[in-house]
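# Working through the structure, step by step
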Amino acid sequence: MTSPTYDVVAIGNAIVDILAQAEDSFIEEIGVAKGSMQLMFSPEEADALYAKMGSGREVSGGSASNTVAGIAALGGKTAFIGQVADDQLGAVFAHDLRAAGVDYNTAVRPGQPTTARCLIFVTPDGQRTMNTFLGASQFLPAEALDETVIADGAILYLEGYLWDPEEPRAAMRKAIGIARTNGRKVAFTLSDVFCISRHGDDFRALIADGLIDILFANENELLALTQKDAFEDAVAAIAAQVPLAVVTRGEQGALALSGGERVQVAAEPIAKLVDTTGAGDMFAAGFLHGQAQGRGIEESLRLGAICAAEIIQHYGARAEVDLKTLTADKLG
């Protein structure tokens with residue numbers, strides 16, 4: 001087995017986020033569960049909701065792309081595979097990701113639909129409610145995979161959000177096979193309870209078949225995946241199923257389960273909660289970077305907590321400080 005070129009290669013939705021502040025009453029008005037994600041199935045639906053938004057900010061996003069951008073900011077070597085359209089938002093996404101230091105060379109998709117966008121409403125308590133039009137990203141075909149890049153990644157990181165459409169689901173299954181053939185690890189983030197409600201059987205089958213080495217979940221996702229009512233029962237269930245499970249619990253910190261070992265860390269203190277968009281993505285960035293560097297589980301968890309704390313203190317899912325300096329100062 002050759003030495004990997006990349007620490008992490010990710011496959012996910014290539015999305016531009018549009019963020020705006022909103023009151024709880026507005027979230028109720030549009031009929032979305034606060035703090036959740038819902039899909040919009042047409043550009044007309046996305047345009048109609050966009051017209052209701054207040055003043056917003058456009059920032060490149062997408063769960064897995066946020067994670068590899070975070071790893072790059074920490075000094076890691078990363079690549080991303082995800083599809084945009086040949087339009088202005090697609091050009092913005094590609095520029096931002098490359099400027100962040102991530103290798104990104106997936107061919108653009110000509111014609112309709114447009115590049116994916118996520119309309120994010122942030123309420124005064126910092127919770128984000130996401131409304132996503134998957135656009136061109138949901139048509140990522142298996143032929144678009146750069147097999148050499150996947151084979152050159154120490155860890156292949158897959159985004160549960162992208163499991164919903166048929167074409168990228170097939171592409172990710174192919175990517176898992178490539179990674180396995182080349183002796184690489186596969187990491188998977190469950191992304192949202194919504195994804196588990198639609199594809200939980202698929203996710204459980206991937207785990208049962210031994211295809212997932214590192215699993216990321218928050219508390220609600222873990223309960224949904226394991227079909228347990230109590231958190232500790234869910235923890236016990238997942239600990240027996242995957243080599244390494246990482247569970248985030250918001251202000252209660254995070255824990256990891258591996259080989260009978262349970263490691264917990266507290267959440268990093270913050271001055272003010274502003275926006276939880278990207279918190280899980282950046283936690284994964286810190287944890288995976290720690291693992292790629294050969295750090296222990298506890299130190300990797302702390303890296304994740306530090307990165308997540310930075311993100312939730314400002315709008316958007318990309319770091320606004322030097323993460324290398326921040327984590328060096330915090331870890332000593």
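Where an unreviewed UniProt entry is consulted, the chain appears under the name Sugar/nucleoside kinase (Ribokinase family), with the organism given as Sphingomonas xinjiangensis. On record in UniProt, under Sequence similarities (unreviewed entry), the comment for the chain is "Belongs to the carbohydrate kinase PfkB family."

Quick look at the pattern of salt bridges now. The full count for this structure, using the stated rule, is 14 salt bridges. With a closest N to O distance of 3.3 Å, R302 and E268 form a salt bridge. One end of the pair, R302, is in helix α11 (residues 297-311); the other, E268, is in the loop between β14 (261-265) and α10 (279-292), with 34 residues separating them in the sequence. Relative accessible area serves as the criterion here: at 28%, R302 is assigned to the partly exposed category.

In the case of a regular strand, side chains alternate between the two sheet surfaces. Where strand β13 (residues 254-258) lies against β14, 5 bridges are found, and the strand directions are antiparallel. Looking across to β14, one finds that A254 is bridged to V265. Joining the antiparallel neighbours β13 and β14 is a turn of 2 residues, in which G259 adopts a positive phi near 55 degrees.

Tracing the backbone through its elements, the reader meets D192 in the loop between β10 (185-189) and α7 (193-208). Despite being buried, D192 has no salt bridge partner; R128 is the closest side chain of opposite charge, sitting 5.3 Å away.

A few words on the packing of helix α3 (residues 63-73) against α10. α10 packs onto α3 with a crossing angle of 45 degrees between their chain directions and a minimal axis gap of 8 Å. In terms of their interaxial angle, α3 and α10 are classed as oblique. In this structure, α3 crosses over α10, and the sense of that crossing is right-handed. Contacts between α3 and α10 involve S63, N66, T67, G70 and I71 from the first element and D281, M282, A284, A285, L288 and H289 from the second. Residues belonging to the contact of α3 with α10 are distributed by class as follows: 5 nonpolar, 5 polar and 1 charged.

Once that is clear, we can look at helix α8 (residues 219-226). When α8 is considered as a whole, its buried residues turn out to be E221, L222, L223, L225 and T226. Residues of α8 that are buried in the fold lie against α7, β11 (214-218), α9 (231-239) and β12 (244-248). The N-cap residue of α8 is N218: its side-chain oxygen and the backbone nitrogen of N220 are 3.2 Å apart. Immediately beyond the C-terminal end of α8, within one or two residues, lies Q227, with a positive phi of roughly 60 degrees.

Relative to the assigned elements, F26 resides in helix α1 (residues 24-30). Taking C-alpha positions, F26 is 9.6 Å from K52, a pair spaced 26 residues apart along the chain. Ignoring sequence-local partners within four residues, the contact set of F26 consists of L49, K52 and F121.

Criteria and thresholds
Residues numbered from 1 in each chain as written. Predicted model: local features only at pLDDT ≥ 70, side-chain atom pairs only at ≥ 80, totals over all residues. Heavy atoms only, no water. UniProt positions renumbered as here; feature names shortened; annotations may be inferred. Salt bridge = Lys/Arg side-chain N within 4 Å of Asp/Glu carboxyl O. Helix = DSSP H or I, 4+ residues; strand = E, 2+ residues; numbered from the N terminus. Buried < 20%, exposed > 50% of the residue type's maximum accessible area, 1.4 Å probe, protein only. Pairing = 2+ DSSP bridges. Lys, Arg positive; Asp, Glu negative; His and termini not counted. Axes fitted to C-alpha atoms, helices over the stretch in contact; angles between N-to-C directions. Parallel < 35°, antiparallel > 145°, perpendicular 65-115°, else oblique. Left-handed = near helix turned anticlockwise from the far one by under 90°. Contact = heavy atoms within 4.5 Å. Nonpolar A, V, L, I, M, F, W, Y, C, P; charged D, E, K, R; others polar. Polar contact = N/O pair within 3.5 Å; in protein donor to acceptor, adjacent residues only side chain to side chain.

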